[in-house]
Amino acid sequence: MRADYRTGSAITTRWNDNDPYGHVNNAIYYFWFDTAVNRYLIEQGALDITGGKTIGLVVNTSCDYFAPIAFPDEVMARIRVDRLGNSSVTYGVGLFRGDEEVASAAGSFTHVYVDRATRRPVSLPGPLRLALEAIEV
């Protein structure tokens with residue numbers, strides 16, 4: 001349900017998102033997960049994608065599909081934090097078509113935060129942790 005998620009952002013489907021079967025290809029859903037999570041973090045000032053010392057690497061994703069989404073649908077990607085660790089976070093993501101209350105797809109997305117240069121895990125920086133705690137369930 002839409003209310004199970006803490007925040008979200010609108011995503012406009014594109015003509016080329018559809019596959020030959022007439023709906024959005026499943027791989028596009030993962031782009032939307034990534035977009036929703038990173039948009040939230042950037043808007044909160046918790047992630048500097050070009051110069052920050054800490055970056056999030058995706059280590060796990062999953063998605064369950066319940067109803068098709070197709071161009072020209074408008075999609076609301078809603079997110080929450082399901083698990084917050086010392087250097088990792090698992091997000092819950094729901095994709096909702098238009099104003100629908102029931103998700104067309106729902107999944108999870110796990111980042112491990114690492115030092116940009118060494119790629120070794122690091123503790124979540126303060127501003128990042130605060131942004132994540134704000135949407136934790």
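Note that the structure is a prediction, hence the values are computed from the model and not measured. (Residues numbered from 1 in each chain as written. Predicted model: local features only at pLDDT ≥ 70, side-chain atom pairs only at ≥ 80, totals over all residues. Heavy atoms only, no water.)

Participant: How should the nonpolar core be read in this particular structure?
Facilitator: As a rule of thumb, nonpolar side chains are buried together in soluble globular proteins. Core analysis: the biggest nonpolar cluster contains 31 residues, and Trp32, Leu41, Tyr91, Leu95 and Leu132 have the highest contact counts within it. Those elements giving two or more residues to this core turn out to be α1 (26-43), β3 (74-84), β4 (88-97), β5 (105-115) and α2 (126-133). Broken down by element, this core gets its largest block of residues, 8 residues, from α1. Not counting the four nearest positions on each side in its chain, tryptophan 32 is found in contact with Ile11, Thr13, Asp17, Val24, Ile69, Val75 and Leu95. (Core = buried A, V, L, I, M, F, W, Y, C linked by side-chain atoms within 4.5 Å. Buried < 20%, exposed > 50% of the residue type's maximum accessible area, 1.4 Å probe, protein only. Helix = DSSP H or I, 4+ residues; strand = E, 2+ residues; numbered from the N terminus. Contact = heavy atoms within 4.5 Å.)

Participant: Just checking my understanding: could you explain the pairing of β3 for this structure?
Facilitator: Sheet analysis places strand β1 (residues 7-12) next to β3, joined by 6 bridges and oriented antiparallel. Looking at the pairing, serine 9 lines up with alanine 77 of β3. Pairing analysis gives 9 bridges linking β3 to β4, with the strands arranged antiparallel. Across the sheet, residue methionine 76 finds its bridge partner in β4, namely phenylalanine 96. Once β3 ends, the chain turns through 3 residues before running back antiparallel as β4. (Pairing = 2+ DSSP bridges.)

Participant: Would you mind going over unusual backbone geometry with me for this structure?
Facilitator: Glycine aside, a negative phi is what most residues show, and trans is what most peptide bonds show. Cis geometry marks the peptide bond from phenylalanine 71 to proline 72; its omega dihedral reads 10°. The residue proline 72 is located in the loop between β2 (54-65) and β3 in this model. With a phi close to 60°, arginine 119 is a non-glycine residue in the positive phi region.

Participant: Would you explain the side chain of aspartate 115 in this entry?
Facilitator: In this fold, aspartate 115 is placed in strand β5. For aspartate 115, which is buried and forms no salt bridge, the nearest opposite charge comes from lysine 53, at a distance of 4.9 Å. A distance of 2.9 Å separates the side chain of aspartate 115 from the backbone nitrogen of alanine 117, its partner in a polar contact. The residues contacting aspartate 115, other than those within four sequence positions of it, are Lys53, Arg120 and Val122. (Lys, Arg positive; Asp, Glu negative; His and termini not counted. Salt bridge = Lys/Arg side-chain N within 4 Å of Asp/Glu carboxyl O. Polar contact = N/O pair within 3.5 Å; in protein donor to acceptor, adjacent residues only side chain to side chain.)

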